[in-house]
Amino acid sequence: MSPAPATPPADADAETGADTGTGLPELAPRERETLRHIAAGRTYLQTARHMGLSKHTVDAYLRRIRAKLGIHSTAELTRTAIALGL
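Residues numbered from 1 in each chain as written. Predicted model: local features only at pLDDT ≥ 70, side-chain atom pairs only at ≥ 80, totals over all residues. Heavy atoms only, no water.

Comments concerning the packing of helix 1 (residues 29–39) against helix 4 (residues 74–83)
It is the contact of helix 1 with helix 4, at a shortest axis distance of 9 Å, that shows an interaxial angle of 115°. For the element pair helix 1 / helix 4, the angle class is roughly perpendicular. The way helix 1 lies across helix 4 gives a crossing that is left-handed. Where helix 1 approaches helix 4, its residues Leu35, Ile38 and Ala39 are matched on the opposing element by Thr74, Leu77, Thr78 and Ala81. Within the contact of helix 1 with helix 4, the residues separate by chemical class into 5 nonpolar, 2 polar and no charged. (Axes fitted to C-alpha atoms, helices over the stretch in contact; angles between N-to-C directions. Helix = DSSP H or I, 4+ residues; strand = E, 2+ residues; numbered from the N terminus. Parallel < 35°, antiparallel > 145°, perpendicular 65-115°, else oblique. Left-handed = near helix turned anticlockwise from the far one by under 90°. Contact = heavy atoms within 4.5 Å. Nonpolar A, V, L, I, M, F, W, Y, C, P; charged D, E, K, R; others polar.)

Notes on the packing of helix 1 against helix 3 (residues 55–69)
Contact geometry of helix 1 with helix 3 gives a least axis separation of 9 Å together with a crossing angle of 100°. When the axis of helix 1 is compared with that of helix 3, the two are roughly perpendicular. Counted together, Arg30, Glu31, Thr34, Leu35 and Ile38 of helix 1 and Val58, Tyr61, Leu62, Arg64, Ile65 and Lys68 of helix 3 form the full contact between these two elements. In terms of residue class, the contact of helix 1 with helix 3 is built from 6 nonpolar, 1 polar and 4 charged.

A short note on the nonpolar core
Leu27, Leu35, Ile38, Ala48, Val58, Leu62, Ile65, Leu69, Ile71, Leu77 and Ala81 together form the largest nonpolar core, which totals 11 residues. Mapped by element, the contributors of at least two residues to this core are helix 1, helix 3 and helix 4. With 4 residues, helix 3 is the single largest residue contributor to this core. In this structure, alanine 81 is in contact with Leu35, Ala39 and Leu86, ignoring residues within four places of it in sequence. (Core = buried A, V, L, I, M, F, W, Y, C linked by side-chain atoms within 4.5 Å. Buried < 20%, exposed > 50% of the residue type's maximum accessible area, 1.4 Å probe, protein only.)

Printed below as a string of structure tokens:
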């Protein structure tokens, strides 16, 4: 039986594998900014305009955030943003 492939721990950075120390994967700066806008109650379009992006890019950022953090609802996104101090 061969050994199982090494996988980064659940609290490792998704791209670098580095431990973030928070128990959560590290979010990119633009992902954090996007999360902050959505948690403040802005729509995808409002967030996109404020950040100078397409609403499709905002959607992509939020999909990545949800995948990294295992979040499935906007309420969970908001709760996480508050917990992260955003």
